[in-house]
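Here is how the chains run, residue by residue.
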Amino acid sequence: MIKAMIFDMDGTILDSMSYWRRINVDFLKERGLEPPEEIRADILSISNRVCADMYAAKYDLNMTRDEILAEYRRIMSRYYATEITPKPRVGEYMDHLLASGVRLCLGTATPRELAQPALSRHGLWDKFEFIVSGLDLGLDKQYPEYYRYAVDKLGLDCGECAMFEDALYAMKGAKEAGLVVYGIYDPIHEKYQKEIEEICDVYIHGYAELLDENRSRV
């Protein structure tokens with residue numbers, strides 16, 4: 001029985017992944033530059049950190065990788081405050097879990113100073129007991145230790161917890177840690193669709209599938 005659900009934020013709760021990837025292009029275009037030829041075809045699927053590393057090395061920006069990532073966060077804070085919305089019925093699904101006695105925590109690579117106002121704007125922040133930030137831990141979500149930390153903080157065993165994710169690399173980390181893996185479709189990860197569906201214990205295209213088809217199902 002699932003006693004706790006660890007929710008990812010971007011791409012799982014919020015329809016925000018396309019904004020994070022778009023920043024890789026917008027950052028350069030604001031400076032009159034074009035993406036490097038070697039990543040142009042895949043720029044929307046490459047992580048922000050990889051792009052920031054490449055930009056710092058390739059262009060005369062007088063900015064370090066961390067300064068570029070800080071600029072990304074500044075731009076994203078504006079998108080979170082004005083444009084980004086939750087995936088349909090995610091709040092209703094969270095309420096269903098809470099009413100069923102399932103505890104919720106947030107596991108995200110997004111800094112707390114962005115995550116809290118982004119979720120509070122839609123009345124979702126207070127549904128979580130705590131946040132596990134990869135930046136605070138110094139761990140990426142590909143590592144099982146990330147999930148074991150969250151499970152230990154919940155005072156549970158890994159087999160009693162589930163991770164709700166949209167990204168394959170994080171699903172692999174959660175699975176290796178021994179968690180049940182719930183997956184949700186996000187178009188940014190479509191090229192990995194087959195592998196995502198294979199690794200997930202439960203896979204959905206939208207929260208209505210869990211709310212309408214079988215309300216007794218977690």
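Before any of the text, the structure's been laid out above.
Described below are features of the structure shown in this document.

Quick notes on the rules
- Residues numbered from 1 in each chain as written.
- Predicted model: local features only at pLDDT ≥ 70, side-chain atom pairs only at ≥ 80, totals over all residues.
- Heavy atoms only, no water.
- Helix = DSSP H or I, 4+ residues; strand = E, 2+ residues; numbered from the N terminus.
- Expected span 1.5 Å × (residues − 1).
- Bend = angle between axes of the 7 residues up to and from the residue.
- Buried < 20%, exposed > 50% of the residue type's maximum accessible area, 1.4 Å probe, protein only.
- Contact = heavy atoms within 4.5 Å.
- 1 Å grid on protein atoms, 1.4 Å probe; cavity = no way out; pocket = protein on both sides within 12 Å on 5 of 7 lines; lining within 4 Å.
- Points joined across faces, edges and corners; volume = space filled by probe spheres on them.
- Pairing = 2+ DSSP bridges.
- Axes fitted to C-alpha atoms, helices over the stretch in contact; angles between N-to-C directions.
- Phe/Tyr/Trp six-rings, centres within 6.5 Å; stacked < 30°, edge-to-face > 60°.
- Core = buried A, V, L, I, M, F, W, Y, C linked by side-chain atoms within 4.5 Å.
- Parallel < 35°, antiparallel > 145°, perpendicular 65-115°, else oblique.
- Left-handed = near helix turned anticlockwise from the far one by under 90°.

## Some remarks on helix H1 (residues 17–29)
Reasoning step 1: Taking 1.5 Å as the rise per residue, H1 with 13 residues should run 18 Å; its terminal C-alpha atoms sit 19 Å apart, in good agreement.
Reasoning step 2: At Ile23, H1 is bent by approximately 35°, the largest bend along its length.
Reasoning step 3: For H1, the set of buried residues is Met17, Tyr19, Trp20, Arg21, Ile23, Asn24, Val25, Phe27 and Leu28.
Reasoning step 4: On its buried face, H1 sits against helix H2 (48–58), helix H3 (65–82) and helix H5 (112–120).

## Some details on the layout of surface pockets
Reasoning step 1: Here the largest pocket is characterised by a volume of approximately 1,000 Å³.
Reasoning step 2: Around the largest pocket, the lining is made up of 34 residues, and of these Arg21, Ser47, Asn48, Ala109 and Tyr169 lie nearest the centre.
Reasoning step 3: Every element with two or more residues in the lining of the largest pocket is listed here: H1, H2, H3, helix H6 (134–137) and helix H8 (168–177).

## Points about the sheet that holds strand S5 (residues 180–184)
Pairing between the strands of a sheet is mediated by backbone hydrogen bonds and can be parallel or antiparallel.
Reasoning step 1: Reading across from one edge, S3-S2-S1-S4-S5-S6 is the order of the six strands in this open sheet, with parallel pairing throughout. Edge positions in the sheet fall to strand S3 (131–133) and strand S6 (202–204), since each has one partner strand and no second. Taken pair by pair, the neighbouring strands of this sheet meet at an average axis angle of 20°, ignoring direction.
Reasoning step 2: Bridge count for strand S1 (residues 4–7) against strand S2 (residues 103–108) is four bridges, and the pairing is parallel. Counted as the bridge partner of Ala4 is Arg103 from S2.
Reasoning step 3: Where helix H4 (residues 90–99) meets the sheet, its contacts fall on S1, S2, strand S4 (161–165) and S5, and the angle it forms with S1 comes to roughly 155°.

## Structural notes on the packing of aromatic side chains
Reasoning step 1: Scanning the entire structure with this criterion turns up 13 aromatic pairs.
Reasoning step 2: Centre to centre, the rings of Phe7 and Phe164 are 5.4 Å apart; their planes meet at 15°, and the pair counts as stacked. Of this pair, Phe7 sits in strand S1 while Phe164 sits in strand S4, and the two are 157 residues apart along the sequence. There is no split in this pair, since Phe7 and Phe164 are both buried.
Reasoning step 3: Each ring, one from Phe27 and one from Tyr55, has its centre 6.1 Å from the other, and the planes form 5°; the classification is stacked.

## Structural notes on the nonpolar core
Reasoning step 1: Counting residues in hydrophobic clusters, the biggest one holds 52 residues, and the most contacted among them are Met5, Phe7, Ile13, Tyr55, Tyr93 and Phe164.
Reasoning step 2: Looking at this core, the element that brings in the most residues is H3, giving seven residues.
Reasoning step 3: Other than its neighbours up to four places away in sequence, Tyr93 contacts Met5, Phe7, Phe164, Tyr182, Tyr207, Leu210, Leu211 and Val218.
Reasoning step 4: Ile6, Ala150, Ile196 and Tyr203 belong to the second largest nonpolar core, which has 26 residues in total.

## Considerations on the packing of H1 against H2
Between two packed helices, both the angle of their axes relative to each other and the distance between the axes serve to describe the pair.
Reasoning step 1: Axis separation between H1 and H2 bottoms out at 9 Å; the angle between their running directions is 15°. When the axes of H1 and H2 are compared, the pair comes out roughly parallel. Considering only the axes of H1 and H2, their crossing is right-handed. Note on element contacts: H2 touches H1 through Asn48, Cys51 and Tyr55, opposite Trp20, Arg21, Asn24, Phe27 and Leu28.

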